[in-house]
Amino acid sequence: MRPVKGDTVGSTGAPRQHGTGTGMPRQRAGARGTPDGPAAGASGADGASGNSGMAAAGGGGASSASGGPRRPRKRRVLRWAALTVSVLILGTAGAGYLYIDGLNDNIRDDALHLGDNKLDGPKPNAAGQTPLNILLLGSDSRNSAENLRLGGSRPDQGRPPLADVQMLLHLSADRSSMSVLSIPRDTKVTIPTCTDPHDGTVYQERVNKINTSLQNGGPGCTVATWEELTGIPVDHFVMVDFAGVVSMADAVGGVPVCVDDNVHDPKSGLRLEAGETVIRGEQALQWLRTRHGFEDGSDLGRAKAQHMYMNAMVRQLKAGTKLSNPGQLRRLAEEATKALTVDEGLGSVGKLYDLATELRQVPTGRITMATIPWVYSPGGTYVLPKEGDAQEVFSMIRHDIALDGQDEKPSPEPTPTQEPTDTDAATIAVRVLNGTGTAAQTAVSGRASTIADSLREAGFTQAAAGTEPRSQWDTVLTYGDTADRDAVRAVADALGLPERAVQHSAGATGLTLVIGADWREGATYPATDTPAEDETTPPDDTQPPESLDGLNGKDTNACMTVNPSATW
């Protein structure tokens, strides 16, 4: 057991003035506060202004407008109301019915995707289950009095905020696992063309650090950037600001964290003794913002600290919160929902709670938090995704494979009962769709017709090109009836499709081939890696690359390495 230091309290208890977070999302009619208008100028510099990085944790739920005594059941409902958004983000347990219009008015919503092409979501698996991808964003906004007090850096007041924390939460189709993938804020990426839905401003495609994508029209541009980088379709986003973190650290009764030496980071204000400390309120925010005090002083160490914090909060929520005061619960519910911006598909407490109910099914031991494999750029001024390893991780998520390496390797499709003949091929109907367009690439004109022609030349005379718009990264051949397995294998063999491209999907009718962005030219699928001559089996694609440094939800022994320059 690590020594436990004092249960340090650093939270404020006074009501705060609320700001809009990005300054751009619209607020629901009747909501409290007035959205701040967009301001010119941006700052990507580090230091007090850039060294923000707020964890994706907040709170939301229900409260009551009345001030009289609460019956025990209502108190229980209110307690879970205050924790709802943390439940949503961290995938932990919650209970009770909590749809209250007053809190719905606090929640801001904004457009999900601001790029030219939104990727299509994955199809249900054979059991009718569909994976879910949620982008968690932490805004460094100083556009409210409370966020300015907590975040400091008065010169940044009014500038469009940066998304200094970005985590993709992937919930598996069967809800048995959850993978949370962070990206360092200084990662240089292609930010696709985005159109601001509020004033029509068009931000042209550019290469820049990923945290600046939020300034190109709002969180929907960050979603478009993630889709372009990873090929993973994003179903929802949740964005919170500084004040939301402070509220929720108190709501769970404090969060235990660990450092391997005394640490003091003057930029964030964090000061802890070696060992384990239970942090609350503003001290929790200091932990989540600390960059220079951990490891090599970069954003990469900060991401690890955020993962440790989130894992600890998961365990705290699973064990049960210490908070029971109804008045404090109401305040926390109000503050938490005011700190929240979501996409239009999640714009109510009821929808957030429904989503939290799904997330709570995941066992703590199947939650994995990791940062994308990365390398420093020449000169070390920014970070780049590590060639090969990063793409392997993105592919695992696209194919609904958990990053903890605990998924069983899927069984291969059954072999055909007989070799297909020309007559067999002629009886197989295949609908071919063009899905080659992405956020930064226009669709290849006539792609579906090209592949349909190739199939007909191979004897599949019933192959036909469809005109329905599609947009997805991976080429996928789906079928719904198990009796079609032989036909599917024949089509896949004719086109050179790998086994992973064939998917049995509940509700699918006939055979449908969607040509993805991974196959923009040629009549046969691009060759993939094959086993070396001395290998008897192909690599196990259920295992993440060694460069992926993941943290398991049950790991209670993790301790942050302190930067030697930040010890005292």
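The structure we're discussing is the one just above.
Bear in mind that the values here come from a model prediction, so they are computed numbers and not experimental data.

(A) Region of interest: the sheet that holds strand S23 (residues 502-504). The strand order across the open sheet built from 5 strands is S21-S20-S24-S22-S23, with neighbouring strands paired in mixed fashion. This sheet does not close on itself; its edge strands, each paired only once, are strand S21 (462-465) and S23. Within this sheet the neighbouring strands show an average axis-to-axis angle of 20°, counted without direction. When strand S22 (residues 476-479) meets S23, the two strands line up parallel, connected through 3 bridges. Looking across to S23, one finds that Tyr 479 is bridged to His 504. In the packing of helix H14 (residues 485-495) onto the sheet, contacts are made with strand S20 (429-434), S22, S23 and strand S24 (511-515), and the angle to S22 comes to roughly 165°.

(B) Geometry of the state of the cysteines. In total, this model carries 2 disulfides according to the counting rule given. Here Cys 194 engages in a disulfide with Cys 221; their sulfurs sit 2.2 Å apart. Since a negative S-S torsion denotes a left-handed disulfide, the Cys 194-Cys 221 link at about 80° is right-handed. Of the two residues, Cys 194 sits in strand S8 (residues 194-195) while Cys 221 sits in helix H5 (residues 219-230), which places them 27 residues apart along the sequence. Of the two residues examined, Cys 194 and Cys 221, each falls in the buried class. Between the sulfur atoms of Cys 258 and its disulfide mate Cys 559 the distance is 1.9 Å. In this structure the cystine formed by Cys 258 and Cys 559 twists about its S-S bond by roughly -70°; its chirality is therefore left-handed. Here Cys 258 is found in strand S12 (residues 255-259), whereas its partner Cys 559 is found in the segment after strand S25 (551-552), with 301 residues between them in sequence. We classify Cys 258 as buried; its relative accessible area is 1%. Here the disulfide map of the protein chain reads 1-2, 3-4, the bonded cysteines being numbered as they appear in the sequence.

(C) Fine view of the environment of Thr 371. Topologically, Thr 371 is positioned in strand S17 (residues 367-371). When the C-alpha atoms of Thr 371 and Ser 182 are compared, they prove to be 4.5 Å apart, with 189 residues separating the residues in sequence.

(D) Representation of the pattern of salt bridges. Counted according to the given criterion, the structure contains 16 salt bridges. Here Lys 209 makes a salt bridge to Asp 186, at a shortest N to O gap of 3.9 Å. Note that Lys 209 is positioned in strand S10 (residues 206-209) and Asp 186 in the loop between strand S6 (178-182) and strand S7 (188-191), a separation of 23 residues in sequence. A relative accessible area of 23% places Lys 209 in the partly exposed class.

(E) Representation of helix H13 (residues 447-457) within the structure. All buried positions along H13 are accounted for by Arg 447, Ala 448, Ile 451, Ala 452, Ser 454 and Leu 455. Down the axis of H13, the smallest arc covering the buried residues is 155°, so these residues share one side. The inward-facing, buried residues of H13 contact S20, S21, H14 and S24. Of the residues one or two after H13, Gly 459 is the one with positive phi, at around 105°.

(F) Representation of the packing of aromatic side chains in the model. Scanning the model with the defined rule gives 3 aromatic pairs in all. Here Trp 374 and Tyr 376 contribute two aromatic rings whose centre-to-centre distance is 4.9 Å and whose plane-to-plane angle is 70°, an arrangement assigned as edge-to-face. The exposure class of Trp 374 is partly exposed, given its relative accessible area of 31%. The cationic tip of Lys 188 hangs over the ring face of Tyr 382; the distance from NZ or CZ to the ring centre is 3.8 Å. Sitting above the plane of the Trp 568 ring, Arg 271 keeps its charged end 4.0 Å from the centroid.

Quick notes on the rules
- Residues numbered from 1 in each chain as written.
- Predicted model: local features only at pLDDT ≥ 70, side-chain atom pairs only at ≥ 80, totals over all residues.
- Heavy atoms only, no water.
- Pairing = 2+ DSSP bridges.
- Helix = DSSP H or I, 4+ residues; strand = E, 2+ residues; numbered from the N terminus.
- Axes fitted to C-alpha atoms, helices over the stretch in contact; angles between N-to-C directions.
- Contact = heavy atoms within 4.5 Å.
- Disulfide = S-S within 2.5 Å.
- Buried < 20%, exposed > 50% of the residue type's maximum accessible area, 1.4 Å probe, protein only.
- Salt bridge = Lys/Arg side-chain N within 4 Å of Asp/Glu carboxyl O.
- Arc of directions from axis to C-beta.
- Phe/Tyr/Trp six-rings, centres within 6.5 Å; stacked < 30°, edge-to-face > 60°.
- Lys NZ or Arg CZ within 6 Å of the ring centre and 35° of its normal.

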